[in-house]
Amino acid sequence: MHPIILGFIIIEFILIGAVGLYCLERPSATDRKGYFIFLKMLILLNVVNGLIPNPDLKITLAFQYFLRNTIGFITVSYLPYLYFKKLNITRINKNAKKVWSNRFLFIAPYPMLFAILYSICNDLEIANRFSLLVPFLNNMTLVAIAGKNISDISEIREDGGKISMDLFAFATILSWLFIYPIIHLNGGKELETILINLGPIALNILLLHNWLKNKRLENETLQNYVSLAPSLNLITDNCQNWGLSERETEVVLLLCHRFKRQQIADKLFISIRTVDKHIERIFLKTGVSSRDSLFEKLNTVT
């Protein structure tokens, strides 16, 4: 197996593990499961592409070519399928729905054309190169529909980050349009492998980066909520340390629970003016000038 193909397989196994962890942590998340399936299909394609065609195998070369190209055709068509599903293109555009519902009609001519060309010229290389015109036209059609509709869908969305992600993923699909010319012109298996794998790997790395970024933001938000939660025992002890009276401590606890002045007055059966006097003395004793400063000072271990 070529080292480039083996290297991509190793990278994709690592990505599968990372995406698998994401899916386990968030079982309800459906946005990564499609990419998880796609990575497995991509590994299968690389393994097959690395092992065949091989004249030493007992399987006929004609079937090896057909098997490799069929797996490649289905794999390369799967990411546009994710587009149709994820972006709901078929719900927005009737022409797209018609094309997608008849997508198998684009697949059927491939084995027939391969068989016809091979029977005519008896040359596997020629039959392989020219029969790949069918999947090439199929993917051009799907990419054209996705490209035409992605701008309309992006206008509906309000989250600019998601729009950028969709455009980046769309760019990875565009790179695949060069695969078939490379095969037809005998550009080499190395270049073909790079074109197939580079875009999807970059896309999955970006998705995982965003996942880790969101996870870090969620942890920071959780820590902020925890830090903002008042600790009654700690606040009470600090009130005593600062020489606050029992009534002032009651006012402090209500302030730290975000009670308004009128709510404090109603809770303690006192007037708002009395509440204001208590707050003024509390600020004076603790050396603060706002509720937030008071909460930060009294809700912190000193």
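All figures in this text were calculated on a predicted structure; none of them were measured in a lab.

Reading guide: rules and limits
Starting from 1, residues in each chain are numbered consecutively following that chain's sequence as written. Only residues with pLDDT of at least 70 are given local features in this predicted model, and only at 80 or more are side-chain atom pairs given and counted; all residues enter the totals for whole chains, interfaces and linings. To obtain the side-chain values, all non-hydrogen atoms of the structure were used and water was disregarded. Numbering of helices and strands runs from the N terminus, with a helix taken as a DSSP run of H or I at least four residues long and a strand as a DSSP run of E at least two residues long. Relative accessible area decides the class of each residue, using a 1.4 Å probe on protein chains only: under 20% of the type maximum gives buried, over 50% gives exposed, and in between gives partly exposed. The criterion used for residue contact is that any of the two residues' heavy atoms lie within 4.5 Å. Computed by Shrake-Rupley with a 1.4 Å probe, the accessible areas treat only the displayed protein chains as cover when residues are assessed. Think of each axis as a best-fit line through the C-alpha atoms, taken over the contacting stretch in the case of a helix, with angles from 0 to 180 degrees between the N-to-C directions. Working definition: roughly parallel below 35 degrees, roughly antiparallel above 145 degrees, roughly perpendicular at 65 to 115 degrees, and oblique for all remaining angles. A clockwise turn of the near helix away from the far one marks a right-handed crossing, whereas an anticlockwise turn of less than a right angle marks a left-handed crossing. Each residue receives one of three labels: charged for Asp, Glu, Lys and Arg, nonpolar for Ala, Val, Leu, Ile, Met, Phe, Trp, Tyr, Cys and Pro, and polar for the others, Gly being one of them. Patches were defined on residues exceeding 30% relative accessible area and lacking a salt bridge, with like-charge contacts within 9 Å and nonpolar side-chain contacts (Val, Leu, Ile, Met, Phe, Trp, Tyr) within 5 Å. By salt bridge we mean one thing: a side-chain nitrogen of Lys or Arg within 4 Å of a carboxyl oxygen of Asp or Glu. Put simply, the grid is 1 Å and covers the protein atoms alone, a cavity is a trapped set of points that fit a 1.4 Å probe, a pocket is an open set with protein on both sides within 12 Å along at least five of seven lines, and lining residues have an atom within 4 Å of a point. Grid points are joined across faces, edges and corners, and a volume is the space filled by probe spheres set on the points. Remark: nonpolar core denotes a set of buried residues (Ala, Val, Leu, Ile, Met, Phe, Trp, Tyr, Cys) joined through side-chain atoms within 4.5 Å. When we speak of the arc, we mean the arc of directions from the helix axis to the C-beta atoms. Under the rule applied, a polar contact is a pair of N or O atoms within 3.5 Å (in protein, one hydrogen donor and one hydrogen acceptor; residues adjacent in sequence only if both atoms are side-chain atoms). Each residue carries a pLDDT score, the predictor's confidence in it, ranging from 0 to 100.

J.: Could you give an account of the overall build of the protein chain, naming the residues involved and the relevant values?
T.: When helices and strands are tallied, the protein chain shows 17 helices and zero strands. Here the protein chain holds 302 residues, and the buried ones make up 39% of them. Considering only intrachain contacts with a sequence separation of at least 6, the fraction spanning at least 24 residues in the protein chain is 68%. For the protein chain, the accessible surface area stands at approximately 17,200 Å², while carbon and sulfur atoms represent 64% of it.

J.: How would you explain the packing of helix H13 (residues 232-241) against helix H14 (residues 246-256) if you had to name every residue and give the values?
T.: With their axes 10 Å apart at the nearest point, H13 and H14 run at an angle of 140° to one another. Classified by the angle between their axes, H13 and H14 sit oblique to one another. When you trace H13 past H14, the crossing you get is right-handed. Counted together, Leu 232, Ile 235, Thr 236 and Cys 239 of H13 and Thr 249, Val 252, Leu 253 and Cys 256 of H14 form the full contact between these two elements. The class makeup of the residues in the contact of H13 with H14 is six nonpolar, two polar and no charged.

J.: Give a description of a nonpolar patch on the surface that names residues and reports values.
T.: There is a patch of nonpolar side chains on the surface, built from Met 1, Leu 6, Ile 10, Ile 14 and Leu 51 and spanning about 490 Å² of accessible area. With three residues, helix H1 (residues 3-25) is the largest single contributor of residues to the nonpolar patch. You can see Ile 14 is positioned in helix H1.

J.: Requested: an account of empty space enclosed by the protein, with residues and values cited.
T.: Following the criterion strictly, the structure yields two cavities of 30 Å³ or more and no others. For the largest cavity, the calculated volume is near 150 Å³. Looking at the lining of the largest cavity, the elements that each hand over two or more residues are helix H2 (33-51), helix H3 (61-86), helix H11 (179-184) and helix H12 (189-228). Examining the composition of the lining of the largest cavity, we find that five residues originate from one element, H3, more than from any other. For the lining of the largest cavity, a count of residues per class yields 10 nonpolar, three polar and two charged.

J.: Give me the lowdown on the nonpolar core, citing residues and values where you can.
T.: Soluble globular proteins: nonpolar side chains tend toward being buried together. Within the largest apolar cluster, 25 residues are counted, with the highest numbers of intra-cluster contacts made by Phe 114 and Ile 179. If you list the elements that add at least two residues to this core, you get H2, H3, helix H7 (109-121), helix H8 (124-131), helix H9 (133-156), H11 and H12. With residues near it in sequence (within four places) discarded, Phe 114 still touches Ala 62, Tyr 65, Phe 66, Leu 124, Ala 127, Asn 128 and Ser 131.

J.: Kindly report on the side chain of Asn 49, identifying the contributing residues and their values.
T.: Mapping Asn 49 onto the fold places it in helix H2. Residue Asn 49 is classed as buried on the basis of its relative accessible area, which comes to 2%. Beyond its immediate sequence surroundings of up to four residues, Asn 49 is in contact with Ile 5, Arg 68, Lys 189, Glu 192 and Thr 193.

J.: Please give an account of H8 that cites residues and values.
T.: When H8 is considered as a whole, its buried residues turn out to be Leu 124, Ala 127, Asn 128 and Ser 131. All buried residues of H8 lie within an arc of 100° about the axis, which places them on one face of the element. Here H8 starts with a cap whose side-chain oxygen sits 3.4 Å from the backbone nitrogen of Ile 126, and that cap is Asp 123.

J.: Outline the pattern of salt bridges, supporting the account with residue identities and numerical values.
T.: Following the criterion strictly, the structure yields four salt bridges and no others. Among the ionic pairs, Glu 248 bridges to Arg 281, the shortest N-O distance being 3.3 Å. Remark: Arg 281 occurs in helix H16 (residues 272-286) and Glu 248 occurs in helix H14; sequence separation between them is 33 residues. Here Arg 261 and Asp 276 are joined by a salt bridge, their closest N and O atoms 2.7 Å apart. With Arg 261 in helix H15 (residues 261-268) and Asp 276 in helix H16, this residue pair connects regions lying 15 residues apart in the sequence. A relative accessible area of 37% means that Arg 261 is categorised as partly exposed. The class of Asp 276 is partly exposed, set by a relative accessible area of 31%. A cluster of three or more residues bridged by salt bridges with shared partners is formed by Glu 248, Arg 281 and Lys 285.

J.: So, the confidence of the model for the protein chain: which residues are in play, and what are the values?
T.: Predicted confidence across the protein chain gives a mean pLDDT of 76, with 74% of residues reaching 70 or more. For the protein chain, per-element mean pLDDT is lowest for helix H4 (residues 89-92), which scores 44, and highest for H16, which scores 92. A low-confidence stretch, residues 88-93 (pLDDT under 50), is modelled with 18 contacts involving residues beyond four sequence positions or located in other chains. The low-confidence segment residues 156-163, where pLDDT is below 50, has seven contacts with residues more than four positions distant or belonging to other chains.

J.: Requested: an account of unusual backbone geometry, with residues and values cited.
T.: Following Ile 52, the chain continues into Pro 53 via a peptide bond in cis, with omega recorded as 5°. Tracing the chain through its elements places Pro 53 in the loop between H2 and H3. Residue Asn 122 is not a glycine yet carries a positive backbone phi of 55°. Looking at where Asn 122 falls in the secondary structure, it is placed in the loop between H7 and H8. One non-glycine residue, Phe 269, lies in the positive phi region at around 60°. Residue Phe 269 is classed as exposed on the basis of its relative accessible area, which comes to 75%.

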